Amino acid sequence: MSRTVPDVRAVDSSEHRRRLVAGGVGNFMEWFDFAIYGFFAAAIGANFFPSTSSTASLLSALAVYGVAFLMRPVGGLVIGAIGDRRGRRFALMLSVGLMGVATALIAVLPPYAAIGLAAPTLLVLLRCLQGFSAGGEWTGSTAFLVENAPAGRRGLVASVVPLTGAMGVAGGAGAALLMQNLLTADQVVGWGWRIPFLAAFPLTLVGLYIRIKLEETAVFHELRARDDVAEAPIRSVLRAEKRSVAISFALSAITVLGFYYIATYVVTFLTTTAGMARGRALWVVAVGALLYAGMCVLAGALSDRLGRRPVSLAGGAGLAVFAIPAFLLMATGRPVLAILGIVLFGVFQAMHISTTTVMLIELFPARTRMTGSALGYNLSAALIAGPGPLIAAALAASGGFAGLPATYIAVVAAICSVALFFLLPETRFRSLGGPTADPDLRRADEVVAP
């Protein structure tokens with residue numbers, strides 16, 4: 001049955017900006033929520049995992065951070081399949097709505113002292129709901145943006161996703177710094193940590209409203225017009241896209257782990273290992289995250305000129321080599337050197353995350369794009385990246401040299417970069433339109449890989 005395909009590609013500049021904002025605002029909120037959990041991990045640990053040891057409480061709170069990532073593959077598969085069956089727009093509304101509800105409920109959750117074991121149990125469940133939501137947000141917003149982007153600027157447009165993620169981290173650091181300056185330490189632990197979680201809820205409403213007003217992407221309209229929407233996208237991916245899933249897993253292992261070092265662990269490292277005052281550490285992280293956000297845009301634009309493969313491989317190799325030196329700079333406890341350390345880490349992380357973000361979409365055919373990209377991305381987030389802050393904190397607590405916590409990201413980056421050197425194709429020129437990518441074009445660009 002034939003259907004009319006609306007000319008949604010022919011949009012004016014104001015509509016293009018609205019799409020960028022729509023893709024970015026929900027993503028900002030998602031990672032603002034995740035960032036404030038990390039920045040208030042000590043207060044959350046004291047409320048929900050009371051212990052005579054502050055380190056044990058902190059590690060328990062960070063463990064819950066990692067547990068939530070076990071739900072990410074589930075959320076990625078469910079929301080990704082919804083995006084492939086019902087459209088990118090509906091999936092984006094679902095992910096931002098679920099995250100906002102979970103975050104608001106965390107804000108009002110009674111502590112252990114009030115309801116006992118029910119408190120940490122409910123916290124784990126709400127964090128799992130956040131993980132479920134986040135499983136569909138990153139790849140969902142990327143699919144929407146990239147499918148609406150001009151062919152020669154897909155890397156630049158996709159960089160809006162890591163850009164707003166970094167801005168969410170900076171916003172979370174700013175919120176934590178504001179609470180620290182306005183309240184006493186006891187007030188922050190007692191109730192102040194709840195305010196940023198509650199304040200995030202209006203962002204949910206804004207993001208949801210903007211996304212409701214969106215038009216579906218031209219690619220999905222074409223799939224509907226040709227009656228080629230996947231009925232069982234998960235089965236299709238597992239049957240025909242195993243190689244792309246494996247590549248996206250390796251890419252995302254580096255990308256997501258590096259992002260969570262910046263988003264969650266660095267402020268803990270600066271305060272516990274480098275001995276920096278918490279207020280100063282939050283300020284350093286906020287500045288570093290904003291500089292990193294700008295580097296993501298530059299890296300995305302660079303990949304449009306040079307290709308995804310060389311920029312991605314350089315980013316992964318750079319993290320393998322320079323992650324430990326970057327943390328040694330942060331370990332000095334001097335703000336300027338600490339910012340330089342974040343920038344050193346951020347240069348290579350930006351190169352990798354910006355290229356990974358667009359390649360997750362370019363690697364898969366249109367009819368299974370959201371499911372396939374979400375599967376590889378979220379499996380690596382759950383298995384490799386999710387435990388990252390906890391592993392880094394445990395390495396720091398074990399003693400040894402100051403750069404020890406960075407060995408985890410360095411080893412992961414080294415192993416995955418070697419694998420990607422042999423597996424990663426150049427995807428810059430792949431067609432995104434229609435039910436599948438042009439097979440001749442796919443063969444032509446894949447010869448770039450060794």
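Residues numbered from 1 in each chain as written. Predicted model: local features only at pLDDT ≥ 70, side-chain atom pairs only at ≥ 80, totals over all residues. Heavy atoms only, no water.

Definition in use: UniProt positions are given in the numbering used here, feature names are shortened, and annotations may be inferred rather than shown by experiment.
The name that an unreviewed UniProt entry assigns to the protein chain is MFS transporter, with the source organism given as Actinomycetospora atypica. Under the Sequence similarities (unreviewed entry) heading, UniProt states for the protein chain: "Belongs to the major facilitator superfamily. Metabolite:H+ Symporter (MHS) family (TC 2.A.1.6) family." Of the comments in the UniProt record for the protein chain, the one headed Subcellular location (unreviewed entry) reads "Cell membrane".

## Points about the confidence of the model for the protein chain
Under the convention used in this document: On a scale of 0 to 100, pLDDT captures the predictor's confidence in every residue. Under the DSSP-based scheme used, a helix requires at least four consecutive residues in state H or I and a strand at least two consecutive residues in state E, with every element numbered from the N terminus. Whether two residues touch is decided by their heavy atoms; if any such pair falls within 4.5 Å, the residues are in contact.
When pLDDT is averaged across the protein chain, the result is 86; 91% of the residues are at 70 or more. Per-residue pLDDT, averaged within each element of the protein chain, yields its smallest value for helix H21 (residues 439-446) (40) and its largest for helix H16 (residues 308-330) (98). Here residues 1-10 is a poorly scored stretch, pLDDT under 50, and it has 20 contacts once near neighbours within four places are set aside; other chains count. pLDDT under 50 marks residues 434-450. Its contacts with residues more than four places away, or in other chains, come to 34 contacts.

## What about unusual backbone geometry?
In this model, aspartate 227 sits at a positive phi of 55°, which is unusual for a non-glycine residue. Positionally, aspartate 227 belongs in the loop between helix H12 (218-225) and helix H13 (233-240).

## Focus: the state of the cysteines
We apply this condition: In plain terms, two cysteine sulfur atoms within 2.5 Å form what is called a disulfide here. Think of it in three bands: with a 1.4 Å probe and only protein chains considered, a residue is buried below 20% of the maximum accessible area for its type, exposed above 50%, and partly exposed in between.
With the rule as written, the count across this model stands at zero disulfides. With no disulfide of its own, cysteine 296 lies closest to cysteine 416 among cysteine sulfurs, the gap being 19 Å. By relative accessible area, cysteine 296 is classed as buried at 0%.

## A closer look at the side chain of threonine 371
Cut-off, in case you're wondering: Counting of polar contacts relies on pairs of N or O atoms within 3.5 Å, with two restrictions inside protein: one atom must be capable of donating a hydrogen and the other of accepting it, and residues adjacent in sequence are counted only when both atoms are side-chain atoms.
With respect to the helices and strands, the residue threonine 371 is situated in helix H18 (residues 369-385). In terms of polar contacts, threonine 371 uses its side chain to reach the side chain of aspartate 84, at 2.6 Å. Sequence-distant contacts of threonine 371, that is, excluding residues within four places in its chain, are made with Leu77, Gly80, Ala81, Asp84, Pro233, Ile234 and Val237.

## Digging into the environment of alanine 413
Take alanine 413: it is sitting in helix H20 (residues 407-423). Among the residues examined, alanine 413 registers a relative accessible area of 0% and is labelled buried. Through-space distance from the C-alpha of alanine 413 to that of glycine 26 is 28 Å; in sequence the pair is 387 residues apart. Among residues more than four places away in sequence, those in contact with alanine 413 are Ile254, Gly316, Leu319 and Ala320.

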